[in-house]
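Overview (structure and organization)
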Amino acid sequence: MNRVCLCSILHSAPVKNFSGSSYIFYGSNGNRYNWERSKTICEQSGYNLVSIESREEWNFLNRTIQKEDTTEYLIGLRKDASTKVWRWLSDNSTVNASNKGHWPWAKGEPNGKYKNCALMYRDYRKDYGLYNDVSCTSPESKAGFICGNRPFIHITQN
């Protein structure tokens, strides 16, 4: 993907700030993105696919996507191929997938042997802001993605 195309994609997406971090909410707008491509677009812009590290952050993201047209958003959650444990991209922390039907997973999720990446629903069968497992490489017809940028700590030497 060239830089001009990347800039036009990200320029059209709303940027929101919360608790010192910036987020870009890119809606599907008729495009078909997969998790891998969304991750690459975020990285090329200096962001990462969002990792949700607190309940407050989840609440903010959930409130924000409820006001958007896109119904699903790819997020920075991926199942480790060797351990089968779900981990966030930002800090490699784990997400409990054993409590199906409880936060953060939508009812009956995760449910796929070959679905190793995740998205966040706006509203699917009353599952507001909950997660679904999806393929990392197959395009999702309704999904946008959320890029997140944590503030950097700059250390200077005297």
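Everything that follows concerns the structure shown earlier in this document.
Below is a summary of the structure that appears in this document. Predicted, not measured: the structure shown is a model, and the values here were computed from it.

Scoring rules and cut-offs
- Residues numbered from 1 in each chain as written.
- Predicted model: local features only at pLDDT ≥ 70, side-chain atom pairs only at ≥ 80, totals over all residues.
- Heavy atoms only, no water.
- Helix = DSSP H or I, 4+ residues; strand = E, 2+ residues; numbered from the N terminus.
- Buried < 20%, exposed > 50% of the residue type's maximum accessible area, 1.4 Å probe, protein only.
- Contact = heavy atoms within 4.5 Å.
- Disulfide = S-S within 2.5 Å.
- Salt bridge = Lys/Arg side-chain N within 4 Å of Asp/Glu carboxyl O.

1. A few points about the overall build of the protein chain
Regarding its fold elements, the protein chain presents three helices and nine strands. The secondary structure elements of the protein chain, listed N-terminal to C-terminal, are α-β-β-α-β-α-β-β-β-β-β-β. Within the protein chain, buried positions represent 44% of all 158 residues. Restricting the contact set of the protein chain to residue pairs at least 6 apart, pairs at least 24 apart contribute 66%.

2. Some remarks on the state of the cysteines
Applying the stated criterion to the full structure yields two disulfides. Residue pairing for C117: its cysteine sulfur links by disulfide to C136, the two sulfurs lying 1.9 Å apart. Between C117 and C136 the disulfide shows an S-S torsion of about 95°. By sign, it is right-handed. Here the residue C117 occupies a position in strand β7 (residues 117-121), and C136 occupies one in the loop between β8 (131-134) and β9 (143-149), the gap between them amounting to 19 residues.

3. Description of unusual backbone geometry
For the bond running from E109 to P110, omega is -10°, close enough to zero to count as cis. In this structure, S19 takes a positive phi of about 50° despite not being glycine. Inspection of the secondary structure assignment puts S19 in the loop between β1 (15-18) and β2 (21-26). Judged by its relative accessible area of 66%, S19 falls in the exposed class.

4. Topic: the pattern of salt bridges
In the structure shown here, the tally under the stated rule is two salt bridges. Between E36 and R78 there is a salt bridge, and its shortest N-O distance comes to 2.9 Å. Taken as a pair, E36 in helix α2 (residues 35-44) and R78 in strand β4 (residues 72-79) lie far apart in primary sequence, 42 residues in all. A relative accessible area of 27% means that E36 is categorised as partly exposed. Between E43 and K39 there is a salt bridge whose closest N-O contact spans 2.7 Å. Linking E43 with K39, this pair stays in helix α2, spanning four residues, or about one helical turn. Relative accessible area serves as the criterion here: at 38%, E43 is assigned to the partly exposed category.

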